[in-house]
Amino acid sequence: PLPYGLATNFNIDGKDYIIPFAIEEPSVVAAASNAAKLSSGFETSADDPVMIGQIQVVNVDGAKAKVAVEKAREELLSFATTIDPILVKFGGGPKDITVEVLNDEEGDMLDIHLLVDVRDAMGANAINTMTEKLAPKIEELTGGKVILRIISNLAIYRRAQAKTTWTKESLAASTKGQF
């Protein structure tokens, strides 16, 4: 167990918050409180909670396989939607499929991304189940062999941002001429 502390002075998106800390060093809590007090307040935003399920297909003619998957996009998304009805009920579920042809010394392969809105979940179980159940359909469409089918840790569609401003006047007043 770690000691608890409460950081004060946080105004986030126009609302005041007290932020709980579990930390050994109380000066960090004091520093965070002071920094928040000197700031203009924090503005936050977040992308939709979309995660990637990745399906790798080998032993394919890349161009033909890509076209086959893209032609079946709506059918594949419709099928994937049936896999997790609870996620869909809450506004999430499969949203898109992208296909890229990669080439190495072994030949062509497809890198298929199933984009899934996972709402408040991390999404691993839902996405892994979707990619597992889509794999046989992908093999049938492409004539290839699905090797990888898993959630990706590439979270490029699920970002959160926060910003604030500290003026030189507020910083100068807080240091009382120490710099």
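Refer to the structure printed above.
These notes cover the structure that comes with them. (Residues numbered from 1 in each chain as written. Predicted model: local features only at pLDDT ≥ 70, side-chain atom pairs only at ≥ 80, totals over all residues. Heavy atoms only, no water.)

**Quick look at the sheet that holds strand β5 (residues 93-104)**
Spelled out, the test is: Paired strands are those between which DSSP finds at least two bridges. The helix and strand labels rest on DSSP assignments: H or I over at least four residues marks a helix, E over at least two residues marks a strand, and numbering proceeds from the N terminus. Working convention: axes come from line fits to C-alpha atoms, limited for helices to the stretch in contact. Angles between N-to-C directions cover 0 to 180 degrees.
If you walk across this open sheet you meet the four strands as β5-β6-β4-β7, and the pairing is antiparallel. In the strand order of this sheet, the two ends are held by β5 and β7 (145-151), each with one partner. The average angle at which neighbouring strand axes cross in this sheet is 20°, direction not considered.

**Some words on the packing of aromatic side chains**
Our working definition: Working definition: rings of Phe, Tyr and Trp (its six-membered ring) pair if their centres are within 6.5 Å, and the pair is stacked with planes under 30 degrees apart, edge-to-face with planes over 60 apart, and tilted otherwise. Buried, partly exposed and exposed residues are distinguished by accessible area as a fraction of the type maximum, computed with a 1.4 Å probe on protein chains only: under 20%, between the cut-offs, and over 50%, respectively. By definition, being over a ring means that NZ of Lys or CZ of Arg is both within 6 Å of the ring centre and within 35 degrees of the ring normal.
According to the stated counting rule, one finds two aromatic pairs in the structure shown. Between F10 and F42, the aromatic rings sit 5.6 Å apart at their centres with planes inclined by 20°, giving stacked as the arrangement. Taken together, the residues F10 in strand β1 (residues 4-12) and F42 in the loop between α1 (26-38) and β3 (43-46) connect sequence positions 32 residues apart. Neither residue differs from the other here; F10 and F42 are each classed as buried. Consider the rings of F42 and W166, whose centres lie 6.5 Å apart with planes at 80°: the pair is edge-to-face. A residue pair is termed long-range when its members are at least 10 positions apart, and F42 in the loop between α1 and β3 and W166 in the loop between β8 (160-163) and α6 (168-175) qualify at 124 residues. For F42, a relative accessible area of 18% puts it in the buried group. Put simply, the rings of F10, F42 and W166 pair up and form one aromatic cluster. Positioned above the aromatic ring of F79 is the side chain of K137, whose terminal nitrogen or guanidinium carbon lies 4.5 Å from the ring centre.

**Concerning helix α3 (residues 73-81)**
Each turn of an α-helix holds 3.6 residues, which means side chains three or four residues apart point in the same direction. Quick note on the threshold: The arc in question is traced by the directions running from the helix axis to the C-beta atoms. In this description, contact between two residues means that some pair of their heavy atoms is separated by no more than 4.5 Å.
Three or more residues of α3 are buried, namely L76, L77 and A80. Projected onto a plane normal to the axis of α3, the buried residues spread over an arc of 100° and lie on a single side. The exposed set on the far side of α3, more than 90 degrees from its buried face, consists of E74 and E75. Buried residues belonging to α3 abut α2 (62-71), β5, β6 (107-117) and α5 (124-142).

**Considerations on unusual backbone geometry**
Its identity is not glycine, yet N9 carries a phi of approximately 75°, on the positive side. For N9, the position within the fold is in strand β1. Even without being a glycine, R119 presents a positive backbone phi close to 55°. If you trace the backbone, R119 turns up in the loop between β6 and α5. Its relative accessible area of 31% is what places R119 among the partly exposed residues.

**Considering the pattern of salt bridges**
The criterion, for reference: For this analysis, a salt bridge means a side-chain nitrogen from Lys or Arg found within 4 Å of a carboxyl oxygen belonging to Asp or Glu.
Following the criterion strictly, the structure yields seven salt bridges and no others. Beyond isolated ion pairs, a larger network of salt bridges with shared partners links R73, E74 and D96.

**Things to note about the environment of M122**
Here M122 lies in the loop between β6 and α5. By relative accessible area, M122 is classed as exposed at 53%. Sequence spacing of M122 and A36 is 86 residues, and the spatial spacing of their C-alpha atoms is 29 Å. In this view, M122 contacts M51, I151 and R158; residues no more than four positions away in its chain are not counted.

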